[in-house]
Amino acid sequence: MRFLVTILVLLCSVLTARAGQSAALERGTAITDPLGLRELDRGRLGLGGVVLPMRSSSAPLTNSQVFALPSMAPVRNALDDEFDRYIARHKASLPNETIGVGTSFDFQLFDRKLLYSRDSRFVLAGIVNRMDRAYLSEANCGEIRLIYRLTRTSAPETGENAASPRLPMTLNVVLKARTDNAIDGSGVKITCAEIARRWLALGESTLTGVELAQKLTSKDGPLGLIRPENIDRIETNLQIAHAPKSAVRDFRTDYLLKVFDYNAQSGTFEEAPLENQIDRERIFADEALKRDFKAWLLDSAHFGELDRGTILVPNKFLARSAIAATPVGFTASDLQPAFGLLQADDAKADTVFRESDVVEALKRAADAGVTLQNIRSPAGFERRLNDMSCSGCHQTRGIGGFHFPGVDWMAAKPDNSTVVPASPHFFGDQIRRRDILTSTRDGTDPDYSRGFSGRPQLRGSTELAGTEYEDGWGALCYRQKPDVKDNDASFRSWSCAEGLACQVVDKASRTGMCFVRDR
């Protein structure tokens, strides 16, 4: 009987999580309909129509054509340089492990020839509303993101014989949700409230395929405002190499993250710093930079922004590339972007912050009237340092190194080819994003704050309760100690649903995942 109960609890937990997914958590905040995406890709939202809108042909641009464009030359050069640096670092740090293209090498590199080939192209795999990022530029109402997946074109696109030819790389075209002088078809200036209304109305639609694509791109549709002048930047995420499990190491995959801002004057995409990606090595090597960073981040105003997840770290502290390694797990590791930045007061290691620095910053913030939601301890500060960065976020509850692999509409049965088009982090954040859209539509002040990447912020909704995102089977959790005062204040709310218990993965932090309680 105990065995049967255990099986039932497992099944109910899994079904609850699946029910949350089938309830379309992304309604009104993302476009994941495979047939609709196929039509959009074949129209003006194919990558060729976005980066080269004046071309007369509607045929998709191959990657050899894309990277031959003058606007994309800096992107190709920067990616090539990153490959060369990655190989050089590997040879210097792991001289006994071979690296190259193919299964005969210890570290198997991504084949760059596939990236620049005439037999590959970027295929539209999803569209995501990020108006929750309007705090960065309220005039632009946040962002809309067109996410493309690198795909071989040698296989048939559709039909029963089609197989998924997708490759481990995404290219994200980030658009301003509104340009400075955006107007509708009647010549009236578009408001953020109107854009939010269009997206939320989309969440109530049952359209698919051609009808959905036409509605999205119509003059009153959520994508009807997309023009070349909306382009802000390109973000790339590429699985640069992976190492299969062997006698000397566990399985490991490295993802290269890059950002390229669009320069309207030159018409090119130029290499830029990654948002909030702290350049750990450079800060450690420069005492003046280390001192400046510490003073800047521990200032009460910036400390509060860090807590809310709305911080924007100045470029002088940032890196222009990042490697997100996976799997990293829960235990502190030098693969994490903020590793070593915080140390105990009695530690001898070189560091930027001591635990007492964080305790003092918490007190100063409280004295200044700053209400903190997430950072209530040095451990919470350290976790926030990691997950506010690009690589740290991608290491948390991702699908490999991605948060949005997207829909594979080229498969034989695109309606079920990608059961889960995005990561638990992505789905767990949709309630918050939709709450911000609703506030924007209704003319009330949005709350742009967000929780930790691994544990969604509660917004008064019960939609996530009991799922893998909050308290359910597989949710991140914190194992409580008997005495309440011994529990870390940053993670006390990370509980598990009835019948589940937090099984600790990292004993030092007491964090783990919710699984069936031992009986």
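Everything below is about the structure shown above.
Residues numbered from 1 in each chain as written. Predicted model: local features only at pLDDT ≥ 70, side-chain atom pairs only at ≥ 80, totals over all residues. Heavy atoms only, no water.

Re the overall build of the protein chain
- Along the backbone of the protein chain there are 16 helices and 17 strands.
- Whereas a compact globule of 519 residues would reach a radius of gyration of roughly 24 Å, the protein chain reaches 23 Å, a difference of no more than 12%.
- The principal-axis extent of the C-alpha atoms belonging to the protein chain is close to 70 × 55 × 55 Å.
- For the protein chain, buried positions account for 52% of its 519 residues.
- Look at the contacts in the protein chain between residues 6 or more apart in sequence, and 67% of them connect residues 24 or more apart.
- Total accessible area computed for the protein chain in this model is approximately 23,600 Å², and 51% of it derives from carbon and sulfur atoms.
- Of the charged side chains in the protein chain, 66 are positive and 67 negative, and the gap between their average positions amounts to 2 Å. (Helix = DSSP H or I, 4+ residues; strand = E, 2+ residues; numbered from the N terminus. Rg over C-alpha atoms; globule rule 2.2 N^0.38 Å. Buried < 20%, exposed > 50% of the residue type's maximum accessible area, 1.4 Å probe, protein only. Contact = heavy atoms within 4.5 Å. Areas by Shrake-Rupley, 256 points an atom, 1.4 Å probe, with all protein chains shown as cover. Lys, Arg positive; Asp, Glu negative; His and termini not counted. Charge placed at Lys NZ, Arg CZ, Asp CG, Glu CD.)

Brief notes about helix H13 (residues 378-387)
- The buried count for H13 comes to seven of ten residues, which makes it a mostly enclosed element.
- Inspection of H13 places Pro378, Gly380, Phe381, Arg384, Leu385, Asn386 and Asp387 among the buried residues, and these make up the whole buried set.
- The inward-facing, buried residues of H13 contact helix H10 (287-298), helix H11 (300-308), strand E11 (342-343), strand E12 (353-354), helix H12 (355-367) and helix H14 (390-394).

So, the pattern of salt bridges
- Evaluated as defined, the whole model comprises 38 salt bridges.
- Between Arg233 and Glu143 there is a salt bridge; the shortest N-O distance is 3.1 Å. With a gap of 90 residues between them, Arg233 in strand E7 (residues 231-243) and Glu143 in strand E5 (residues 143-152) connect regions that are remote in the sequence. For the pair formed by Arg233 and Glu143, the shared burial category is buried.
- One salt-bridge network, held together by shared partners, links Arg133, Glu143, Arg145, Asp232, Arg233, Glu235 and Glu275. (Salt bridge = Lys/Arg side-chain N within 4 Å of Asp/Glu carboxyl O.)

Side note on the packing of aromatic side chains
- With the rule as written, the count across this model stands at 16 aromatic pairs.
- Ring geometry for Tyr255 and Phe402: centres 5.2 Å apart, planes at 80 degrees, overall edge-to-face. Remark: Phe402 occurs in the loop between H14 and helix H15 (424-428) and Tyr255 occurs in strand E8 (residues 252-263); sequence separation between them is 147 residues. Across the pair, Phe402 and Tyr255 agree in class, each one buried.
- Considering the side-chain rings of Phe452 and Trp494, the 5.7 Å spacing of their centres and the 75 degrees angle between planes classify their relative orientation as edge-to-face. With Phe452 in the loop between helix H16 (430-442) and strand E13 (465-467) and Trp494 in the loop between strand E15 (476-478) and strand E16 (500-506), this residue pair connects regions lying 42 residues apart in the sequence. (Phe/Tyr/Trp six-rings, centres within 6.5 Å; stacked < 30°, edge-to-face > 60°.)

Some points on the packing of helix H7 (residues 192-202) against H16
- Orientation of H7 relative to H16, taken along the N-to-C sense of each, is 130 degrees, at an axis distance of 7 Å. With respect to their mutual orientation, H7 and H16 come out oblique. Pair H7 / H16 crosses with left-handed handedness. In contact with Cys192, Ala193, Ala196, Arg197, Trp199 and Leu200 of H7, H16 contributes Arg434, Leu437, Thr438, Thr440 and Arg441.
- When the residues that make up the contact of H7 with H16 are grouped by side-chain class, the tally is six nonpolar, two polar and three charged. (Axes fitted to C-alpha atoms, helices over the stretch in contact; angles between N-to-C directions. Parallel < 35°, antiparallel > 145°, perpendicular 65-115°, else oblique. Left-handed = near helix turned anticlockwise from the far one by under 90°. Nonpolar A, V, L, I, M, F, W, Y, C, P; charged D, E, K, R; others polar.)

What to know about the state of the cysteines
- The tally for this structure, following the rule as stated, stands at three disulfides.
- The disulfide that involves Cys141 links it to Cys192, with 2.0 Å between the sulfurs. Looking along the S-S bond of the Cys141-Cys192 disulfide, the torsion reads about -80 degrees, which is the left-handed sense. Within this pair, whereas Cys141 is found in the loop between strand E4 (120-130) and E5, its partner Cys192 is found in helix H7, the two being separated by 51 residues in sequence. No difference in accessibility class separates Cys141 from Cys192, as the two residues are buried.
- Through a disulfide, Cys496 is tied to Cys514; the S-S separation comes to 2.1 Å. A torsion of -90 degrees about the S-S bond marks the disulfide between Cys496 and Cys514 as left-handed. Of the two residues, Cys496 sits in the loop between E15 and E16 while Cys514 sits in strand E17 (residues 511-516), which places them 18 residues apart along the sequence.
- The exposure class of Cys514 is buried, given its relative accessible area of 0%.
- Indicated for the protein chain is the disulfide connectivity 1-2, 3-5, 4-6, based on numbering the bonded cysteines in sequence order.
- Lacking any disulfide linkage, Cys390 is separated from the closest cysteine sulfur, that of Cys393, by 8.0 Å. (Disulfide = S-S within 2.5 Å.)

So, the side chain of Thr467
- Relative to the assigned elements, Thr467 resides in strand E13.
- What makes Thr467 buried here is its relative accessible area of 2%.
- Within the local environment of Thr467, its side chain forms a polar contact with the backbone oxygen of Leu464, the two atoms lying 2.6 Å apart. (Polar contact = N/O pair within 3.5 Å; in protein donor to acceptor, adjacent residues only side chain to side chain.)

Quick word on a negative patch on the surface
- Together, Asp345, Asp346, Glu355 and Glu360 line one region of the surface with negative charge.
- Here Asp346 shows up in the loop between E11 and E12. (Patch = residues over 30% accessible without salt bridge, like charges linked within 9 Å, V, L, I, M, F, W, Y side chains within 5 Å.)

As far as function goes, none of this settles anything; it's purely spatial.
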